[in-house]
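# Survey of secondary and tertiary structure
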Amino acid sequence: MTALLSVSGLHAGYGDSSVLQGLEFELHKGEVVCLLGANGAGKTTTMGVLSGLLEASSGRIRYDGMDLLAMPSHKRVEAGIALSPEGRKVFPNLTVAENLVLGSFNVSARADRPRTLDQVYALFPRLAERRAQCAGLMSGGEQQMLALGRALMAKPRLLLLDEPSLGLSPKMVQVVFEAIRAIASGELTIFLVEQNTHAALSVASRGYVMSAGRIVHAGATQDLRHSVEVRDAFIGGRAAREMRHA
Ligand code: ATP
(Lines give C-alpha, C1' and ligand atoms only; values in the text may rest on other atoms or scores of the structure.)
Protein backbone atom coordinates (compact mmCIF):
# COMPACT_ATOMS: atom_id res chain seq x y z
CA MET A 1 0.00 0.00 0.00
CA THR A 2 1.33 3.48 -0.84
CA ALA A 3 1.78 5.86 2.06
CA LEU A 4 -0.01 9.17 1.67
CA LEU A 5 1.96 10.54 4.60
CA SER A 6 5.16 9.24 6.07
CA VAL A 7 6.81 10.75 9.15
CA SER A 8 10.35 9.88 10.18
CA GLY A 9 12.71 11.04 12.92
CA LEU A 10 10.48 13.99 13.75
CA HIS A 11 11.55 16.32 16.56
CA ALA A 12 9.62 19.42 17.65
CA GLY A 13 8.85 21.39 20.78
CA TYR A 14 8.37 24.79 22.33
CA GLY A 15 11.48 26.88 22.98
CA ASP A 16 13.87 24.76 25.02
CA SER A 17 11.27 22.13 25.73
CA SER A 18 11.52 19.23 23.36
CA VAL A 19 8.21 17.34 22.92
CA LEU A 20 8.40 15.12 19.83
CA GLN A 21 11.41 12.86 20.15
CA GLY A 22 11.91 11.01 16.90
CA LEU A 23 8.32 10.37 15.89
CA GLU A 24 7.70 7.79 13.15
CA PHE A 25 4.42 6.74 11.54
CA GLU A 26 2.61 6.31 8.22
CA LEU A 27 -0.87 6.94 6.90
CA HIS A 28 -2.23 5.26 3.80
CA LYS A 29 -4.87 6.58 1.41
CA GLY A 30 -8.44 6.12 2.61
CA GLU A 31 -7.52 4.91 6.11
CA VAL A 32 -8.88 6.12 9.44
CA VAL A 33 -5.99 5.97 11.89
CA CYS A 34 -6.11 7.07 15.51
CA LEU A 35 -3.34 8.47 17.69
CA LEU A 36 -3.85 7.60 21.34
CA GLY A 37 -1.92 8.62 24.40
CA ALA A 38 -2.10 10.21 27.83
CA ASN A 39 -2.28 13.95 28.50
CA GLY A 40 0.92 15.64 27.45
CA ALA A 41 2.15 12.77 25.23
CA GLY A 42 2.53 15.15 22.29
CA LYS A 43 -0.58 14.42 20.21
CA THR A 44 -1.65 18.03 19.66
CA THR A 45 1.98 18.97 19.01
CA THR A 46 2.01 16.33 16.26
CA MET A 47 -1.11 17.86 14.69
CA GLY A 48 0.52 21.29 14.94
CA VAL A 49 3.55 20.13 12.97
CA LEU A 50 1.44 18.33 10.35
CA SER A 51 -0.75 21.38 9.76
CA GLY A 52 2.20 23.80 9.76
CA LEU A 53 1.21 25.74 12.88
CA LEU A 54 4.38 24.58 14.57
CA GLU A 55 7.86 24.16 13.10
CA ALA A 56 9.75 20.91 13.38
CA SER A 57 13.33 21.10 14.64
CA SER A 58 14.37 18.06 12.60
CA GLY A 59 13.01 15.04 10.75
CA ARG A 60 11.14 14.35 7.54
CA ILE A 61 7.51 14.30 6.48
CA ARG A 62 6.64 13.08 2.99
CA TYR A 63 3.10 13.83 1.84
CA ASP A 64 1.96 12.60 -1.54
CA GLY A 65 5.54 12.69 -2.80
CA MET A 66 6.21 16.19 -1.43
CA ASP A 67 8.43 17.47 1.37
CA LEU A 68 5.75 18.70 3.76
CA LEU A 69 8.09 20.50 6.16
CA ALA A 70 9.19 22.77 3.31
CA MET A 71 5.60 23.90 2.68
CA PRO A 72 3.95 26.83 4.53
CA SER A 73 0.57 26.03 6.10
CA HIS A 74 -1.55 27.66 3.35
CA LYS A 75 0.19 25.45 0.76
CA ARG A 76 -0.62 22.42 2.90
CA VAL A 77 -4.31 23.37 2.79
CA GLU A 78 -4.06 23.65 -1.01
CA ALA A 79 -2.42 20.23 -1.04
CA GLY A 80 -5.45 18.81 0.77
CA ILE A 81 -4.56 18.87 4.48
CA ALA A 82 -7.24 20.31 6.78
CA LEU A 83 -7.22 20.49 10.57
CA SER A 84 -10.19 20.50 12.91
CA PRO A 85 -8.34 21.84 15.97
CA GLU A 86 -8.58 20.83 19.61
CA GLY A 87 -11.03 23.06 21.46
CA ARG A 88 -12.93 23.72 18.19
CA LYS A 89 -11.81 27.34 17.77
CA VAL A 90 -14.76 28.60 15.75
CA PHE A 91 -15.15 32.35 15.15
CA PRO A 92 -17.74 33.18 17.84
CA ASN A 93 -18.96 36.47 16.33
CA LEU A 94 -19.49 35.08 12.85
CA THR A 95 -22.52 33.05 11.82
CA VAL A 96 -22.43 29.34 11.21
CA ALA A 97 -22.58 29.92 7.43
CA GLU A 98 -19.74 32.48 7.57
CA ASN A 99 -17.58 30.09 9.60
CA LEU A 100 -18.16 27.37 7.02
CA VAL A 101 -17.38 29.61 4.06
CA LEU A 102 -14.08 30.59 5.72
CA GLY A 103 -13.04 26.96 5.44
CA SER A 104 -13.20 27.04 1.66
CA PHE A 105 -10.90 29.86 0.56
CA ASN A 106 -8.30 27.52 -0.89
CA VAL A 107 -8.32 27.44 -4.70
CA SER A 108 -9.05 23.71 -4.77
CA ALA A 109 -12.29 24.21 -2.77
CA ARG A 110 -13.62 27.60 -3.88
CA ALA A 111 -15.32 26.55 -7.10
CA ASP A 112 -17.19 23.70 -5.37
CA ARG A 113 -18.23 25.80 -2.37
CA PRO A 114 -22.04 25.67 -2.86
CA ARG A 115 -22.02 21.90 -3.39
CA THR A 116 -19.69 21.23 -0.44
CA LEU A 117 -21.82 23.49 1.74
CA ASP A 118 -24.89 21.42 0.85
CA GLN A 119 -22.97 18.25 1.73
CA VAL A 120 -21.94 19.66 5.13
CA TYR A 121 -25.54 20.72 5.84
CA ALA A 122 -26.75 17.25 4.85
CA LEU A 123 -24.21 15.70 7.20
CA PHE A 124 -25.13 18.05 10.05
CA PRO A 125 -28.77 19.18 9.69
CA ARG A 126 -28.34 21.10 12.95
CA LEU A 127 -25.88 23.43 11.22
CA ALA A 128 -28.35 24.00 8.40
CA GLU A 129 -31.05 24.94 10.91
CA ARG A 130 -28.69 27.35 12.65
CA ARG A 131 -26.89 28.73 9.62
CA ALA A 132 -27.71 32.37 10.49
CA GLN A 133 -26.86 32.05 14.20
CA CYS A 134 -23.65 33.35 15.77
CA ALA A 135 -21.27 30.43 16.31
CA GLY A 136 -20.49 31.61 19.85
CA LEU A 137 -24.10 30.93 20.86
CA MET A 138 -23.98 27.28 19.80
CA SER A 139 -23.57 24.40 22.25
CA GLY A 140 -20.22 22.63 22.55
CA GLY A 141 -21.45 19.74 20.42
CA GLU A 142 -22.77 22.07 17.74
CA GLN A 143 -19.47 23.98 17.71
CA GLN A 144 -17.66 20.67 17.25
CA MET A 145 -19.90 19.89 14.26
CA LEU A 146 -19.07 23.36 12.93
CA ALA A 147 -15.31 22.86 13.34
CA LEU A 148 -15.56 19.54 11.54
CA GLY A 149 -17.80 21.05 8.85
CA ARG A 150 -15.37 23.93 8.34
CA ALA A 151 -12.48 21.50 7.83
CA LEU A 152 -14.58 19.56 5.30
CA MET A 153 -15.28 22.78 3.38
CA ALA A 154 -11.59 22.75 2.34
CA LYS A 155 -12.29 19.46 0.46
CA PRO A 156 -9.40 17.71 2.21
CA ARG A 157 -7.62 14.54 1.19
CA LEU A 158 -6.16 14.27 4.70
CA LEU A 159 -8.39 15.35 7.55
CA LEU A 160 -6.71 15.93 10.92
CA LEU A 161 -9.14 15.71 13.82
CA ASP A 162 -7.79 16.79 17.20
CA GLU A 163 -9.92 15.47 20.08
CA PRO A 164 -13.37 15.87 18.53
CA SER A 165 -14.93 14.33 21.67
CA LEU A 166 -13.39 16.84 24.08
CA GLY A 167 -15.94 18.31 26.49
CA LEU A 168 -18.95 16.71 24.78
CA SER A 169 -21.78 14.75 26.39
CA PRO A 170 -21.87 11.01 25.56
CA LYS A 171 -24.87 11.65 23.29
CA MET A 172 -22.98 14.37 21.37
CA VAL A 173 -19.87 12.18 21.12
CA GLN A 174 -22.11 9.62 19.42
CA VAL A 175 -23.49 12.19 16.95
CA VAL A 176 -20.02 13.51 16.08
CA PHE A 177 -18.54 10.02 15.65
CA GLU A 178 -21.47 8.93 13.47
CA ALA A 179 -20.60 11.86 11.22
CA ILE A 180 -16.93 10.82 11.19
CA ARG A 181 -18.01 7.30 10.20
CA ALA A 182 -20.16 8.77 7.41
CA ILE A 183 -17.29 10.82 5.92
CA ALA A 184 -14.75 8.02 6.38
CA SER A 185 -15.83 6.09 3.30
CA GLY A 186 -13.94 6.50 0.04
CA GLU A 187 -10.67 8.30 -0.61
CA LEU A 188 -10.48 10.57 2.43
CA THR A 189 -7.72 9.75 4.91
CA ILE A 190 -8.49 10.63 8.53
CA PHE A 191 -5.94 11.00 11.32
CA LEU A 192 -7.72 11.19 14.62
CA VAL A 193 -6.22 12.26 17.94
CA GLU A 194 -8.32 11.11 20.87
CA GLN A 195 -8.26 10.51 24.59
CA ASN A 196 -11.63 8.80 24.28
CA THR A 197 -10.21 5.47 23.17
CA HIS A 198 -13.63 3.84 22.98
CA ALA A 199 -14.86 6.39 20.45
CA ALA A 200 -11.56 6.40 18.52
CA LEU A 201 -11.40 2.64 18.20
CA SER A 202 -15.02 2.56 17.01
CA VAL A 203 -14.07 4.40 13.78
CA ALA A 204 -10.36 3.68 13.19
CA SER A 205 -9.02 0.61 11.44
CA ARG A 206 -5.66 0.90 13.15
CA GLY A 207 -3.84 3.16 15.52
CA TYR A 208 -0.67 4.34 17.17
CA VAL A 209 -0.02 4.87 20.85
CA MET A 210 2.19 7.73 21.83
CA SER A 211 4.10 8.33 25.03
CA ALA A 212 6.63 11.07 25.78
CA GLY A 213 6.89 12.18 22.16
CA ARG A 214 7.39 8.75 20.59
CA ILE A 215 5.24 5.99 19.13
CA VAL A 216 5.40 3.14 21.63
CA HIS A 217 2.85 0.79 20.15
CA ALA A 218 1.07 0.34 16.82
CA GLY A 219 -1.57 -2.08 15.69
CA ALA A 220 -4.95 -2.88 14.24
CA THR A 221 -7.96 -1.69 16.23
CA GLN A 222 -8.69 -5.19 17.58
CA ASP A 223 -5.10 -5.55 18.69
CA LEU A 224 -5.10 -2.17 20.45
CA ARG A 225 -8.40 -2.89 22.15
CA HIS A 226 -6.97 -5.99 23.77
CA SER A 227 -3.44 -4.83 24.38
CA VAL A 228 -2.64 -4.95 28.05
CA GLU A 229 0.51 -2.84 27.69
CA VAL A 230 -1.38 -0.14 25.88
CA ARG A 231 -4.14 -0.23 28.41
CA ASP A 232 -2.06 -0.14 31.54
CA ALA A 233 1.32 1.34 30.77
CA PHE A 234 0.67 4.00 28.19
CA ILE A 235 -2.85 5.24 28.16
CA GLY A 236 -3.67 5.71 31.81
CA GLY A 237 -6.54 4.92 34.11
CA ARG A 238 -9.51 6.67 32.54
CA ALA A 239 -8.77 5.51 29.04
CA ALA A 240 -8.06 1.99 30.26
CA ARG A 241 -11.54 1.83 31.76
CA GLU A 242 -13.00 3.05 28.48
CA MET A 243 -11.09 0.41 26.53
CA ARG A 244 -12.43 -2.36 28.73
CA HIS A 245 -15.92 -1.28 27.66
CA ALA A 246 -15.04 -0.82 23.97
P1 ATP B 1 -3.62 16.59 25.70
O2 ATP B 1 -4.40 15.38 25.36
O3 ATP B 1 -3.62 16.91 27.15
O4 ATP B 1 -3.93 17.77 24.82
P5 ATP B 1 -1.29 16.01 24.08
O6 ATP B 1 -0.82 14.61 23.94
O7 ATP B 1 -2.06 16.59 22.95
O8 ATP B 1 -2.09 16.17 25.44
P9 ATP B 1 0.46 18.25 23.73
O10 ATP B 1 -0.64 19.27 23.83
O11 ATP B 1 1.06 17.98 22.41
O12 ATP B 1 -0.01 16.87 24.37
O13 ATP B 1 1.59 18.70 24.77
C14 ATP B 1 2.84 18.02 24.87
C15 ATP B 1 3.73 18.77 25.84
O16 ATP B 1 4.02 20.06 25.32
C17 ATP B 1 3.09 19.01 27.20
O18 ATP B 1 4.07 18.81 28.18
C19 ATP B 1 2.64 20.44 27.15
O20 ATP B 1 2.68 21.02 28.44
C21 ATP B 1 3.67 21.08 26.23
N22 ATP B 1 3.10 22.19 25.48
C23 ATP B 1 2.00 22.16 24.68
N24 ATP B 1 1.76 23.36 24.10
C25 ATP B 1 2.75 24.19 24.55
C26 ATP B 1 3.08 25.57 24.32
N27 ATP B 1 2.34 26.32 23.50
N28 ATP B 1 4.16 26.06 24.96
C29 ATP B 1 4.92 25.29 25.76
N30 ATP B 1 4.67 23.99 26.03
C31 ATP B 1 3.61 23.44 25.43
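Details of the structure are given in the entry above.
Quick look at the structure, then. Note that the structure is predicted; figures quoted are calculated from it, not measured. (Residues numbered from 1 in each chain as written. Predicted model: local features only at pLDDT ≥ 70, side-chain atom pairs only at ≥ 80, totals over all residues. Heavy atoms only, no water.)

Taken together, 13 residues lie near the ligand, and Asn39, Lys43, Thr44, Thr45 and Gln195 sit nearest. At a separation of 2.8 Å, an oxygen atom of the ligand approaches a polar backbone atom of Gly40. Note that an oxygen atom of the ligand is positioned 3.1 Å from one of the backbone N or O atoms of Ala41. Protein burial of the ligand: of its 640 Å² of free accessible surface, 58% is covered by the chains. (Near = heavy atom within 4 Å. Polar contact = N/O pair within 3.5 Å; in protein donor to acceptor, adjacent residues only side chain to side chain. Areas by Shrake-Rupley, 256 points an atom, 1.4 Å probe, with all protein chains shown as cover.)

So, about the sheet that holds strand S9 (residues 206–211). Spatial strand order, S6-S7-S8-S3-S9-S10: 6 strands in an open sheet with mixed pairing. With one partner strand each, in any of the chains shown, strand S6 (81–84) and strand S10 (214–220) form the two edges of the open sheet. The average angle at which neighbouring strand axes cross in this sheet is 20 degrees, direction not considered. Sheet topology places strand S3 (residues 32–36) next to S9; 4 bridges connect them, and they run parallel. Among the inter-strand pairings, Leu36 is bridged to a residue of S9, identified as Val209. Those strands touched by helix H7 (residues 140–153) are S6 and strand S7 (158–162), and its axis lies near 170 degrees from that of S6. Across the sheet, helix H8 (residues 170–183) is in contact with S7 and strand S8 (189–194); its angle to S8 comes to roughly 155 degrees. (Pairing = 2+ DSSP bridges. Helix = DSSP H or I, 4+ residues; strand = E, 2+ residues; numbered from the N terminus. Axes fitted to C-alpha atoms, helices over the stretch in contact; angles between N-to-C directions. Contact = heavy atoms within 4.5 Å.)

Let us now look at the pattern of salt bridges. One pass over the full model with this rule turns up 6 salt bridges. Note that Asp112 and Lys155 form a salt bridge whose closest N and O atoms lie 2.6 Å from each other. Remark: Lys155 occurs in the loop between H7 and S7 and Asp112 occurs in the loop between helix H4 (107–110) and helix H5 (113–123); sequence separation between them is 43 residues. On the accessibility criterion, Asp112 (24% relative accessible area) is partly exposed. The salt bridge partner of Arg126 is Glu142, with a shortest N-O separation of 2.8 Å. Here the residue Arg126 occupies a position in helix H6 (residues 125–129), and Glu142 occupies one in helix H7, the gap between them amounting to 16 residues. The exposure class assigned to Arg126 is partly exposed, which follows from its relative accessible area of 31%. According to the relative accessible area criterion, Glu142 is buried, its value standing at 4%. One network of salt bridges, in which partners are shared, links Asp112, Arg115 and Lys155. (Salt bridge = Lys/Arg side-chain N within 4 Å of Asp/Glu carboxyl O. Buried < 20%, exposed > 50% of the residue type's maximum accessible area, 1.4 Å probe, protein only.)

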